[in-house]
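# Working through the structure, step by step
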Amino acid sequence: MPMGNMRSGAPGGDQRRVQFSVDLPVGANLALTGAVQASLEKAIRLVLSDPKTGQDLLTRADDIARLVTSIAEPDESLLIERRRRQDAMRTVFDDGQWLTAEDINALQKTPPASKSQPASDWKRRDRVYSVSVNGREYFAAYQFDTFSQPLPIIREILEALGPLADTWKIAAWFHFPNGWISDDEGRPVAPKDALDRREDVIGAARRYHGSYVA
């Protein structure tokens, strides 16, 4: 089934067309292909244009990958990428302090009645980011000041990094030593350890290329 006229890119900017073909099963009702094509085009545009939708998809990627590997041989480049992601996730999560929304709620001077607040609202407003581990949400502790409020620099960094569907890439960027930030001896410094150096970390964030390693 041909899948033409799918485009990516900002309105008015450069766009790319990607065409797919699908082998239809014997006996398929060809009258339905038009409706199926339109639905799939809409879904693909939504996933690729909305980082939050993409994040929802990525949180289920590992489960989907396990299912797919039982019936298909995965592409080698995909395996390498997933292995790098898993290695980065373990390193970042094991070597840091992480808070749940309930932890953050309890640390507030006047905790909101909803245990998900204020963390949920802060994340929605891009003041902090979170990652998912075994279906549970965690927030890196370095995003908060001594009063458990988001550091203003975090919002600036997230804006400079730009929209990313996989927030583990954000976590990896903060965690690993970055060549654009150095100490007095010229050694790379992790952005999370240089949050008091606004110009350096913002400049490094603007040079980010989307990898799980800095």
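Heads up: the structure comes first, above all this text.
Here's what I pulled together on the structure shown here. Predicted model, so just to flag it, every value in this text is computed and none were measured. (Residues numbered from 1 in each chain as written. Predicted model: local features only at pLDDT ≥ 70, side-chain atom pairs only at ≥ 80, totals over all residues. Heavy atoms only, no water.)

### Some points on the overall build of the chain
Test applied: Segments assigned H or I by DSSP are reported as helices when at least four residues long, segments assigned E as strands when at least two residues long, and all are numbered from the N terminus. Working definition: with a 1.4 Å probe on protein chains only, accessible area under 20% of the residue-type maximum means buried, over 50% means exposed, and in between means partly exposed. Contacts between residues were defined by any pair of non-hydrogen atoms, one from each residue, lying within 4.5 Å. Shrake-Rupley sampling with a 1.4 Å probe provides the accessible areas, and residues are treated as covered by the protein chains on show and by no other component.
Looking only at helices and strands, the chain features 9 helices and 7 strands. Looking at the chain as a whole, 31% of its 214 residues are labelled buried. Taking the intrachain contacts of the chain between residues at least 6 apart in sequence as the baseline, contacts between residues at least 24 apart amount to 53%. Accessible area for the chain stands at about 13900 Å²; split by element, carbon and sulfur atoms hold 53% of it.

### Concerning the pattern of salt bridges
Convention followed: A side-chain nitrogen of Lys or Arg and a carboxyl oxygen of Asp or Glu constitute a salt bridge if their distance falls within 4 Å.
The tally for this structure, following the rule as stated, stands at 10 salt bridges. Among the ionic pairs, Asp 193 bridges to Lys 192, the shortest N-O distance being 3.4 Å. By relative accessible area, Lys 192 is classed as partly exposed at 22%. Linked by salt bridges that have partners in common, Asp 121, Arg 124 and Arg 125 make up one network.

### Points about helix H9 (residues 198-206)
Of all the positions in H9, only Val 201, Ile 202, Gly 203, Ala 204 and Ala 205 are classed as buried. Against helix H7 (152-161), helix H8 (167-175) and strand E6 (178-182) lie the buried residues of H9.

### Some details on the pairing of strand E5 (residues 136-140)
We count it as follows: Should DSSP find at least two bridges between two strands, the strands are taken to pair.
The pairing of strand E3 (residues 98-99) with E5 spans 2 bridges and is antiparallel. Its bridge partner lying in E5, Trp 98 is registered against Ala 140. Pairing between strand E4 (residues 131-133) and E5: 3 bridges, direction antiparallel. Following the sheet pairing, Ser 132 is matched in E5 by Glu 137. A loop of 2 residues connects E4 with E5, the two strands running antiparallel in sequence, and Asn 134 in this loop sits at a positive phi of about 50°.

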